[in-house]
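Observations on the three-dimensional arrangement
Chain by chain, the residues run as shown.
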Amino acid sequence: MKFPLFSIEQDPGSNFGELLKRVGLSPFSNYANVSQVDIPHATTCVAIRCADGVVMAGDRRATSGNLISHRSMEKVVQADDFSGVAIAGAAGPAMEMVKLFQLQIEHYEKVEGQPLSLEGKANQLSMFVRNNLPAAMQGLMVVPIFAGYDDQIGQGRLWDYDATGGRYEELDFVATGSGQLHASTVLRVSWRKDMSVADAIELVSRALWEASDADSATGGPDVLRGIYPVVASITKNGFTRVSDFDLAAVFATITTGVQQR
Amino acid sequence: MSMPYYVAPEQMMKDRADFARKGIARGRSLVAMRYNEGIAIIAENPSNTLRKTSEIYDRIAFAGVGKYNEFDQLRVLGVRSADLKGYQFSRHDVDARSLANQYAQMIGQTFTHEVKPLEVEILIAEVGVVPAKDQLFHIMYDGTVLDEKRFIVIGGDADSIRSKVETAFVEDLPLQEVVKIARTALSTDERLLQSTDLEVALLQRNGSRRCFKRVTEHSLTELLA
């Protein structure tokens, strides 16, 4: 391998995406029209704000048309110590976008010697989504949620995006994907200001449960295989994924409640 | 037509080496040592913002002495090269040896072909999953690569610092001990360096993905107490 050397005008600075373009490795190229092809899609993700930060959750199912293509996809991914991304949409480009986003954050931090601010990261993700617009027009839509703990103001923040890269900061909660409607209804009814992390985990699990109950593309808790949604909290102590053991208990309570309706 | 002066190649190389050595000697030195939990890099650096040590990749650190703008440029090249390689292949494929070779190629090329050689010496350290896999590379201003097992001293007064470290160094010392050895070795007889004069960075073998960690001035003061 050779060092990637650039002239002053061509230097990509701390932008990893630009660096990839300069060396001809950019993943944002034109896709052929794939809207007729069944490619795996990932579905419902939610994020809510609580007293200590944010809680994010995503189901594990990926579907190709009416088939389940993966049962254990991880749609909620840690971006860095204090933020996470959740993605809905075409699985391939979405995973690539998350990988690139993680690398961009780390690359920036190493080149510049200090980490990006939370808002800077949210803005960076919006550029990735915008770069994906041509592919989105071809049917490869990727719609992420970005959430994290902002240590400058000492609270959790969350953003959702549209396919054009539009970035919208939400104050309370956000849901994305095919089960968005069902999940956000649950959140809208039950969300309260300054919830504890434990209550927030219970609420996002309930939102995902209702979404999976009504939307075939959203996976519910798979007790048979021991596959539970990915739920994570982000507070001043960092990104913590909730263990499957704890989630099993949360979902047991939810399903018992449903049985007694 | 004017005739260029003939300069013997030996003389030309010697002049360049002298020039580079002089530039490096103007700056302050640094020491990288293995300790019981990884590798510690201790640099004399009164600046709290212009760093001599930095993170290149998960297990790889960089440190440079000499002209700041030159080694900082090399640092950024290293980060780019490592991140590209990790993106293209896998995070496990990024290693210190190939990075050290890349640096050696470039610094050597500059030494022989450019008007001015780089006035820098750098070190590349990689902390292994097990202590036996630790790697320390010292790359000189002319592209010479040296592979060390226990510790590296780079900078102006390297020989005398090296002999001081040599007498005190033992394998598997705790962090506090190696920091103290380095502090004494880097200090002059007139003045003992304090925590504000030092920059300390670690590659910790603690199982997390990113092993690089800076020691804050506060904890450095405690280590030196």
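How each quantity is defined
- Residues numbered from 1 in each chain as written.
- Chains lettered and ligands numbered in written order.
- Predicted model: local features only at pLDDT ≥ 70, side-chain atom pairs only at ≥ 80, totals over all residues.
- Helix = DSSP H or I, 4+ residues; strand = E, 2+ residues; numbered from the N terminus.
- Rg over C-alpha atoms; globule rule 2.2 N^0.38 Å.
- Buried ≥ 20, exposed ≤ 12 C-beta atoms within 10 Å, placed from the backbone.
- Contact = placed C-beta atoms within 7 Å.
- Axes fitted to C-alpha atoms, helices over the stretch in contact; angles between N-to-C directions.
- Parallel < 35°, antiparallel > 145°, perpendicular 65-115°, else oblique.
- Left-handed = near helix turned anticlockwise from the far one by under 90°.
- Nonpolar A, V, L, I, M, F, W, Y, C, P; charged D, E, K, R; others polar.
- Pairing = 2+ DSSP bridges.
- Core = buried A, V, L, I, M, F, W, Y, C linked by C-beta atoms within 7 Å.
- Expected span 1.5 Å × (residues − 1).

Moving on, we get to the overall build of chain A. In terms of regular secondary structure, chain A is built from 7 helices and 13 strands. Its C-alpha atoms give chain A a radius of gyration of 19 Å, within 12% of the compact-globule value 18 Å for 261 residues. With respect to the three principal axes, the spread of C-alpha positions in chain A is 70 × 45 × 30 Å. A burial count over chain A gives 46% of its 261 residues as buried. In chain A, of all internal contacts separated by at least 6 residues, the share reaching a separation of at least 24 is 67%.

Take the packing of helix α2 (residues 91-112) of chain A against helix α2 (residues 68-88) of chain B next. Relative to each other, α2(A) and α2(B) sit at 165°, their axes nearing to 10 Å. Between α2(A) and α2(B), the angle falls in the class roughly antiparallel. The interaxial crossing formed by α2(A) with α2(B) has right-handed handedness. Contacts between α2(A) and α2(B) involve Leu103(A), His107(A), Lys110(A) and Val111(A) from the former and Val76(B), Val79(B), Asp83(B) and Tyr87(B) from the latter. When its residues are assigned to classes, the contact of α2(A) with α2(B) shows 5 nonpolar, 1 polar and 2 charged.

Right, let's talk about the pairing of strand β6 (residues 76-80) of chain A for a bit. Residue and element names in this part refer to chain A. Bridging between β6 and strand β7 (residues 83-90) involves 4 bridges; their strand directions are antiparallel. Bridge pairing in β7 places Val77 opposite Val85. Counting the residues between successive antiparallel strands, the hairpin from β6 to β7 contains 2 residues.

It is worth spelling out the nonpolar core at this point. Within soluble globular proteins, side chains that are nonpolar tend to cluster in buried spots. Val46(A), Ala47(A), Ile48(A), Val55(A) and Val204(A) are the most contacted members of the largest nonpolar core, which has 69 residues in total. Excluding residues within four positions of it along the chain, Val204(A) makes contact with Val46(A), Ile48(A), Val55(A), Ala57(A) and Val231(A). Judged by nonpolar contacts, the second largest core, of 64 residues, contains Ala40(B), Tyr103(B), Val215(B) and Leu220(B).

So, about unusual backbone geometry. Residues other than glycine seldom take positive phi values, yet Asp194(A) does so here, at roughly 55°. One non-glycine residue with positive phi stands out, namely Asp172(B), at about 60°. Looking at the secondary structure, you find Asp172(B) in the loop between α4 (158-168) and α5 (175-186). Look at Asp172(B) and you get exposed, because 10 C-beta atoms sit within 10 Å.

Here we take up the sheet that holds strand β8 (residues 151-154) of chain B. Residue and element names in this part refer to chain B. Judged by pairing direction, the sheet is antiparallel, and its 5 strands sit side by side in the order β8-β1-β2-β9-β10 without closing on themselves. Of all strands in the sheet, those with a lone pairing partner are β8 and β10 (212-214), marking the two edges. In this sheet, neighbouring strand axes are inclined to one another by 15° on average, regardless of whether the strands run parallel or antiparallel. The pairing of strand β9 (residues 198-204) with β10 spans 3 bridges and is classified as antiparallel. By the bridge assignment, Leu203 is partnered in β10 with Phe212.

All names here are of chain A. Here 5 strands make up an open sheet; going across it, the order is β11-β2-β3-β12-β13 and the pairing antiparallel. Of all strands in the sheet, those bounded by a partner on one side alone are β11 (173-176) and β13 (238-241). Adjacent strand axes in the sheet meet at a mean angle of 15° when their direction is disregarded. As paired strands, strand β2 (residues 45-50) and β11 are joined by 4 bridges and run antiparallel to one another. When the sheet's bridge partners are listed, Cys45 is paired in β11 with Thr176. Helix-sheet contacts for helix α6 (residues 197-214) involve β2, β3 (53-58), β11 and β12 (230-235), and the interaxial angle to β2 is about 155°.

Another point: the packing of helix α5 (residues 180-190) of chain A against α6(A). Residue and element names in this part refer to chain A. Relative to each other, α5 and α6 sit at 145°, their axes nearing to 7 Å. Where α5 crosses over α6, the two elements pack in a sense that is right-handed. Two secondary-structure elements touch here, α5 through His182, Ala183, Val186, Leu187 and Ser190 and α6 through Leu203, Arg206, Ala207, Leu208, Glu210, Ala211 and Ala214. Residue composition of the contact of α5 with α6, by class: 8 nonpolar, 2 polar and 2 charged.

What follows is about the environment of Glu106(A). Considering the arrangement of structural elements, one finds Glu106(A) in helix α2. As for Glu106(A) and Asp80(A), which are separated by 26 residues in sequence, their C-alpha atoms are 7.8 Å apart.

So, about the interface of chain A and chain B. Facing 12 residues of chain A, the contacting portion of chain B comprises 16 residues. Mapped by element, the contributors of at least two residues to the side of chain A that touches chain B are α1 (16-22) and α2 of chain A. Broken down by element, the side of chain A that touches chain B gets its largest block of residues, 4 residues, from α2(A). Within the side of chain A that touches chain B, the residues separate by chemical class into 9 nonpolar, 2 polar and 1 charged.

Residues and elements named next belong to chain A. With 14 residues, helix α3 (residues 118-131) ought to run about 20 Å at 1.5 Å a step, and its terminal C-alpha atoms sit 20 Å apart, in line with that. Along α3, the residues that are buried comprise Leu118, Lys121, Ala122, Gln124, Leu125, Ser126, Phe128 and Val129. Buried-residue contacts for α3 involve β6, β7, α2, β8 (142-150), β9 (155-161) and β10 (167-170).

Our focus in this paragraph is the pairing of strand β5 (residues 67-70) of chain A. Residues and elements named next belong to chain A. Note: strand β4 (residues 62-64) against β5, 3 bridges, orientation antiparallel. Pairing of Thr63 across the sheet is with Ile68, part of β5. Between β4 and β5, which pair antiparallel one after the other, the connecting turn spans 2 residues, and Gly65 there sits at a positive phi close to 60°.

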